[in-house]
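One letter stands for each residue in the lines below.
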Amino acid sequence: MSEYTADEMMAVEAARRIEDGTVCFVGIGLPSLAANLARRTHAPHSVLVYESGTIGAKPESLPLSIGDGELAETADAVVSVPEMFAYWLQGGRIDVGFLGAAQIDRRGNLNSTVIGAYDAPKVRLPGGGGAPEIALGVRDVFVMLRHTSRAFVEQLDFTTSLGDDVRVVVTDLGILEPVDGELTLVAVHPGVDVEAARAATGWELKVAGELRQTEPPTDAELSALRSLRARTAA
Amino acid sequence: MPIVPLRDAVSDLVRDGDVVALEGFTHLIPHAAGHELIRQGRRDLTLVRMTPDIVYDQLIGMGCARKLVFSWGGNPGVGSLHRLRDAVENGWPQPLELEEHSHAGMAAAWAAGAANLPFGVLRGYRGGDLPARTRVAAVTCPFTGERLAAVPAHHPDVGIVHAQRADRDGNVQLWGILGVQKETVLSSSRSLVTVEEIVDELTPVPGAIVLPSWVVDAVCVAPRGAHPSYAHGYYERDNDFYVAWDAISRDRDAFRAWMDEHVLATVAA
């Protein structure tokens with residue numbers, strides 16, 4: 001087995017959860033990497049939808065922005081932004097939506113708006129963008145977030161989107177899933193101690209009785225992921 | 001509708017204190033027009049845009065704006081907009097009032113604006129802290145009783161977008177990622193479109209839309225007028241510049257020096 005990074009583990013584990021044929025609302029960064037990896041491995045018929053209006057995008061490399069030209073060139077359809085949010089997202093045509101955030105709480109609520117008070121923020125973050133209605137409009141929300149006690153907090157500084165439909169949180173330490181409405185550690189990545197996950201969580205983290213260990217990335221997954229990244233860097 | 005120099009169009013159409021939207025969803029962002037606003041020293045603008053990025057960071061950092069209506073204010077794939085943050089966090093160069101929405105809310109407000117309706121309606125703004133911080137109200141569907149969110153329609157004084165090309169009569173053609181370009185022009189009292197080039201005939205392009213000349217107040221030729229954003233079929237997004245902007249904009253003096261050299265000391269095409 002090859003060596004791999006924590007980001008690669010996150011992308012691979014998120015990609016595995018995309019079933020073939022799934023319609024995915026994808027953001028930039030790790031979600032885009034995960035969704036494109038899924039499309040290149042076990043889920044060739046998954047449909048990647050970017051909020052810029054590109055439906056069924058099939059980029060050869062990873063876009064820097066959600067509106068890079070290659071997304072439009074390779075898409076099955078390009079629609080306006082009002083159409084994207086009204087007909088496709090609110091219309092209930094998206095299965096999975098990926099979200100990231102600066103903060104998450106134990107119920108899967110997310111903050112991507114401010115750190116500190118709204119009127120006098122310590123850090124003004126970019127804001128919700130598509131997140132509030134993605135969180136309401138898709139069947140399953142997947143969250144990808146690096147696991148630190150600054151991100152996994154007891155109390156959000158601002159609630160940008162609701163956690164009701166969060167099905168999984170993939171971190172660089174493991175996997176959390178809601179159990180009775182509370183995010184619970186159900187798996188750790190190889191080499192990760194459960195205490196490290198506890199220490200990186202700002203609330204008293206519940207741990208599943210049968211804690212699993214995620215499968216490390218296979219050589220096939222790693223090589224697909226790295227060739228995507230190599231094309232992007234080129 | 002005449003094809004006019006950008007300097008004249010901005011001077012005729014945009015006034016201090018106006019509500020101005022320079023739209024573009026990563027694509028066809030009217031940077032050249034934004035730079036002309038800065039050169040002409042417009043003040044007290046209310047800037048509207050779903051995804052304020054570098055050109056809004058520049059307008060804010062140069063003291064042109066008193067308010068921002070938006071849904072996502074970052075440097076895509078890179079991080080923060082440092083001039084926007086400095087204005088919000090430290091009031092530099094002046095305080096910036098925020099009216100913050102979600103993308104779905106802004107999109108509904110644009111569609112309502114284009115349709116000349118007073119508000120847009122959507123299933124959104126449910127829960128969370130945003131509804132208490134923005135202009136949104138609940139409405140009840142008269143047919144089903146469902147509670148829905150109403151957002152005030154966008155009706156800017158001036159809407160500005162970039163497009164690929166126009167013909168000599170001023171009919172505008174654009175394609176690729178369409179964003180809210182059409183809605184911006186149709187929602188605004190006055191509109192300005194910059195284009196890459198003027199052509200004799202608008203030949204068909206897959207997925208292209210046309211804005212008839214009679215809904216546009218001014219068409220201006222601005223080659224590479226979207227850079228560092230892009231014009232599909234003409235040039236690609238300058239991703240390296242978006243990355244470089246992070247360092248340029250982080251420091252007030254470096255930002256001012258860059259603006260002096262690349263914007264204030266230049267003239268519109």
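Computed from a predicted structure; not experimentally measured.

Q: I would appreciate a short explanation of the overall build of chain A in the present structure.
A: Looking only at helices and strands, chain A features seven helices and 14 strands. Seen through its principal axes, chain A has C-alpha atoms that stretch 50 × 45 × 30 Å. Within chain A, buried positions represent 56% of all 234 residues. Counting contacts in chain A only where the partners sit at least 6 residues apart, residues at least 24 apart contribute 64% of the total.

Q: Just to check I follow, could you spell out the domain arrangement of chain B for this structure?
A: By a widespread convention, an interface's size corresponds to the accessible area lost as its parts come together. All names here are of chain B. One can read the domain layout of chain B as domain 1 (6-101 + 154-264) and domain 2 (113-152). Each of domain 1 and domain 2 was reduced to a C-alpha centroid, and the two centroids are 27 Å apart. Contacts between domain 1 and domain 2 engage nine residues on the former and seven residues on the latter. Taken together, the elements giving at least two residues each to the side of domain 1 that touches domain 2 come down to β6 (97-100) and α6 (181-187). The element that contributes the greatest number of residues to the side of domain 1 that touches domain 2 is α6, accounting for four residues. The class makeup of the residues in the side of domain 1 that touches domain 2 is one nonpolar, four polar and four charged.

Q: Could you clarify how one ought to interpret helix α3 (residues 54-61) of chain B in this entry?
A: An α-helix turns once per 3.6 residues; consequently, residues spaced three or four apart project the same way. Counting buried positions over the eight residues of α3(B) gives eight, a clear majority of the element. Taken from the residues just after α3(B), Gly63(B) is the one with a positive phi, measuring 80°.

Q: In this structure, what is going on with the nonpolar core? I would like to understand it.
A: Counting 157 residues, the largest nonpolar core has Ala11(A), Cys24(A), Phe25(A), Leu37(A), Val49(A), Ala107(B) and Val193(B) as the members making the most contacts within it. The residue makeup of this core includes at least three contributed by each of domain 1 (6-101 + 154-264) and domain 2 (113-152) of chain B. Residues contacting Leu37(A), with those up to four places away along its chain left out, are Ala11(A), Val12(A), Ala15(A), Ala224(A), Leu225(A) and Leu228(A).

Q: What exactly am I supposed to notice about the interface of chain B and chain A here?
A: Taken together, the contact between chain B and chain A spans 46 residues of the former and 36 residues of the latter. At the level of elements, α4 (82-90), α5 (103-114), α6 and α7 (239-250) of chain B are the ones that each hand at least two residues to the side of chain B that touches chain A. Of the residues contributing to the side of chain B that touches chain A, the split by class is 19 nonpolar, 16 polar and 11 charged.

Q: How should the environment of Gln103(A) be read in this particular structure?
A: All names here are of chain A. Mapped onto the elements, Gln 103 comes out in strand β6 (residues 103-104). As for Gln 103 and His 147, which are separated by 44 residues in sequence, their C-alpha atoms are 10 Å apart. When near neighbours in sequence (up to four residues on either side) are disregarded, Gln 103 contacts Leu 110, Asn 111, Ala 151, Val 153, Leu 156 and Asp 157.

Q: How should I be thinking about the pairing of strand β9 (residues 147-152) of chain B in this particular structure?
A: Across a regular strand the side chains alternate sides, sitting on one face of the sheet and then on the other. All names here are of chain B. Taken together, the four bridges between strand β7 (residues 119-122) and β9 define a ladder with antiparallel strand orientation. Paired with Leu 122 across the two strands is Ala 149, which belongs to β9. With four bridges connecting them, strand β8 (residues 137-140) and β9 associate as antiparallel partners. Within β9, the residue paired with Thr 140 across the bridge is Arg 147. Between β8 and β9, which pair antiparallel one after the other, the connecting turn spans six residues, and Gly 145 there sits at a positive phi close to 80°.

Q: Explain the sheet that holds strand β5 (residues 96-99) of chain A here, please?
A: Across a sheet, strands are paired by hydrogen bonds formed along the backbone, either parallel or antiparallel in direction. Residues and elements named next belong to chain A. The 10 strands lie next to each other as β4-β3-β2-β1-β5-β10-β11-β12-β13-β14, forming an open sheet whose pairing is mixed. Among the strands making up the open sheet, the edge pair consists of β4 (77-78) and β14 (206-213). Alignment of strand β3 (residues 54-55) against β4, held across two bridges, turns out to be antiparallel. The partner of Ile 55 across the bridge, within β4, is Ala 77. Here helix α2 (residues 30-40) sits on the sheet and contacts β1 (23-26), β2 (47-50), β5 and β10 (140-144); the angle it forms with β1, its principal contact strand, is near 155°.

Q: Mind showing me how you'd approach the confidence of the model for chain B here?
A: Residues shown with low pLDDT carry predicted positions that ought not to be read at fine detail. When the pLDDT values of chain B are averaged, the result is 97; 99% of them are 70 or greater. Across the assembled chains, the prediction reports ipTM 0.96 with pTM 0.96.

Rules behind the numbers
Residues numbered from 1 in each chain as written. Chains lettered and ligands numbered in written order. Predicted model: local features only at pLDDT ≥ 70, side-chain atom pairs only at ≥ 80, totals over all residues. Helix = DSSP H or I, 4+ residues; strand = E, 2+ residues; numbered from the N terminus. Buried ≥ 20, exposed ≤ 12 C-beta atoms within 10 Å, placed from the backbone. Contact = placed C-beta atoms within 7 Å. Domains from an automatic or database assignment. Nonpolar A, V, L, I, M, F, W, Y, C, P; charged D, E, K, R; others polar. Core = buried A, V, L, I, M, F, W, Y, C linked by C-beta atoms within 7 Å. Pairing = 2+ DSSP bridges. Axes fitted to C-alpha atoms, helices over the stretch in contact; angles between N-to-C directions. pLDDT = per-residue confidence, 0-100.

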